[in-house]
Amino acid sequence: MPHILTDDGVRLYYEDTGSGTPIVFVHEFAGDYRSWEPQVRFFSRRYRCIPFNARGYPPSEVPDDVARYSQARAVDDIRAVLDGLKIDKAHIVGLSMGGLATLHFGLTYPDRARSVLVAGAGYGSGTGEREKFRAEAVVIADKLQGEGMAAFAEAYGYGPTRVQFENKDPRGFAEFKRMLGEHSTKGSANTQLGVQRERPSVFDLKDKIAACRVPMLVVTGDEDWPCLEPNIFIKRTCPTAALLVLPNSGHGVNLEEPAAFNAALADFFTQVDAGRWPTRDPRAVSQSITGMTK
């Protein structure tokens, strides 16, 4: 099994399919490298596709110490994948937990990202949601440690932004739940406490997002309630960000609407690689509603 060794000595599992411009895929909390299969099959025809498992997700290593899990560490693990494969720059694609890691990667290592696709990112960032999200991370960790992965997967799979997937694609949803139930209990609990609970709100990143010039596409489902406000904020704040909202969709948009997701991503990559991805015209930002003032 192919692994990359991070600078702090953790082995990360990855897959490498196709050739061409590289794309690195960064998974969500409830997913793993397999969650990107609809994208890898589509894009590996023209790109080099590299999904990997975060620390805590076998066959990647599962460190025992919660202190070895953090938002900053997740960002540096993306860099470790690039360094281990001797890739200078890549398109970085992330969902949810992986979407926030991707956003932070673009802010921290802009010279290593050809573009960033930030999907389903922002849980716990919304107004009045920060402490609620932090408290729920502890509840999740306790449930994992007390009841095990299978029971957790059955409950977590029916969250308010997951039921849309079941309604559209029961077969795909069943596969999602099955794979979630195969994750490491310890790794998932540590990820909740070290990464999810402690990460900053998107709104705390305002100055860094405003200074970002990496081409960015932000994607959310219109029923992914915790992400709507933060994603509009990213769009308004970052001059190179575009926003795509998929209708009647929940959180796992790459699995829930793979055709629409892939089409949007393909167009995004094409524009970026052609040097045609725009920076917002300053005239589009005004205190006036219509542009007509005295």
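Attention in this report is confined to the structure presented alongside it. Keep in mind the model is a prediction, meaning the values are calculated, not measured.

## Overview of the packing of helix H4 (residues 130-147) against helix H5 (residues 149-156)
Inference 1: Where H4 contacts H5, the two axes come as close as 7 Å, and the packing angle between them is 135°. Taken together, H4 and H5 sit at an angle that is classed as oblique. Residues Ile140, Lys143, Leu144 and Glu147 of H4 pack against Met149, Ala151, Phe152, Ala155 and Tyr156 of H5.
Inference 2: Each residue belonging to the contact of H4 with H5 can be placed in one class, and the counts come to seven nonpolar, no polar and two charged.

## Description of unusual backbone geometry
Inference 1: Following Pro58, the chain continues into Pro59 via a peptide bond in cis, with omega recorded as 10°.
Inference 2: Relative to the assigned elements, Pro59 resides in the loop between strand S4 (48-52) and helix H2 (71-84).
Inference 3: Positive phi values are uncommon outside glycine, yet Lys86 reaches one of about 55°.
Inference 4: Checked against the element boundaries, Lys86 lands in the loop between H2 and strand S5 (90-95).
Inference 5: In this structure Lys86 comes out as exposed when scored by relative accessible area, which is 77%.
Inference 6: Positive phi, close to 55°, is recorded for Ser96, a residue that is not glycine.
Inference 7: Of note, Ser96 is situated in the loop between S5 and helix H3 (97-108).

## Quick word on the pattern of salt bridges
Inference 1: A complete count under the given rule lists 27 salt bridges for this structure.
Inference 2: Salt-bridge contacts for Arg112 lead to Asp83; the nearest nitrogen and oxygen are separated by 2.9 Å. On the criterion of sequence distance, the pair formed by Arg112 in the loop between H3 and strand S6 (113-119) and Asp83 in helix H2 is long-range, its members being 29 residues apart.
Inference 3: Taking the relative accessible area as the measure of exposure, Arg112 reaches 13% and is therefore buried.
Inference 4: According to the relative accessible area criterion, Asp83 is partly exposed, its value standing at 39%.
Inference 5: Via salt bridges that share partners, Asp7, Asp8, Arg55, Arg68, Arg73, Asp76, Asp77, Arg79, Asp83 and Arg112 belong to a single interconnected network.

## Concerning the side chain of Asp77
Inference 1: Structurally, Asp77 is set in helix H2.
Inference 2: For Asp77, a relative accessible area of 4% puts it in the buried group.

## What to know about the pairing of strand S3 (residues 22-26)
Inference 1: For S3, the buried fraction is high: five of the five residues fall into the buried class.
Inference 2: Every second residue of S3 is oriented toward a common face, with Pro22, Val24 and Val26 on one face and Ile23 and Phe25 on the other, all of them buried.
Inference 3: Where S3 and S4 come together, five bridges link them in parallel fashion. Bridge pairing in S4 links Pro22 to Arg48.

Calculation rules
- Residues numbered from 1 in each chain as written.
- Predicted model: local features only at pLDDT ≥ 70, side-chain atom pairs only at ≥ 80, totals over all residues.
- Heavy atoms only, no water.
- Axes fitted to C-alpha atoms, helices over the stretch in contact; angles between N-to-C directions.
- Helix = DSSP H or I, 4+ residues; strand = E, 2+ residues; numbered from the N terminus.
- Parallel < 35°, antiparallel > 145°, perpendicular 65-115°, else oblique.
- Contact = heavy atoms within 4.5 Å.
- Nonpolar A, V, L, I, M, F, W, Y, C, P; charged D, E, K, R; others polar.
- Buried < 20%, exposed > 50% of the residue type's maximum accessible area, 1.4 Å probe, protein only.
- Salt bridge = Lys/Arg side-chain N within 4 Å of Asp/Glu carboxyl O.
- Pairing = 2+ DSSP bridges.

The values reported here are purely geometric and, on their own, carry no functional implication.
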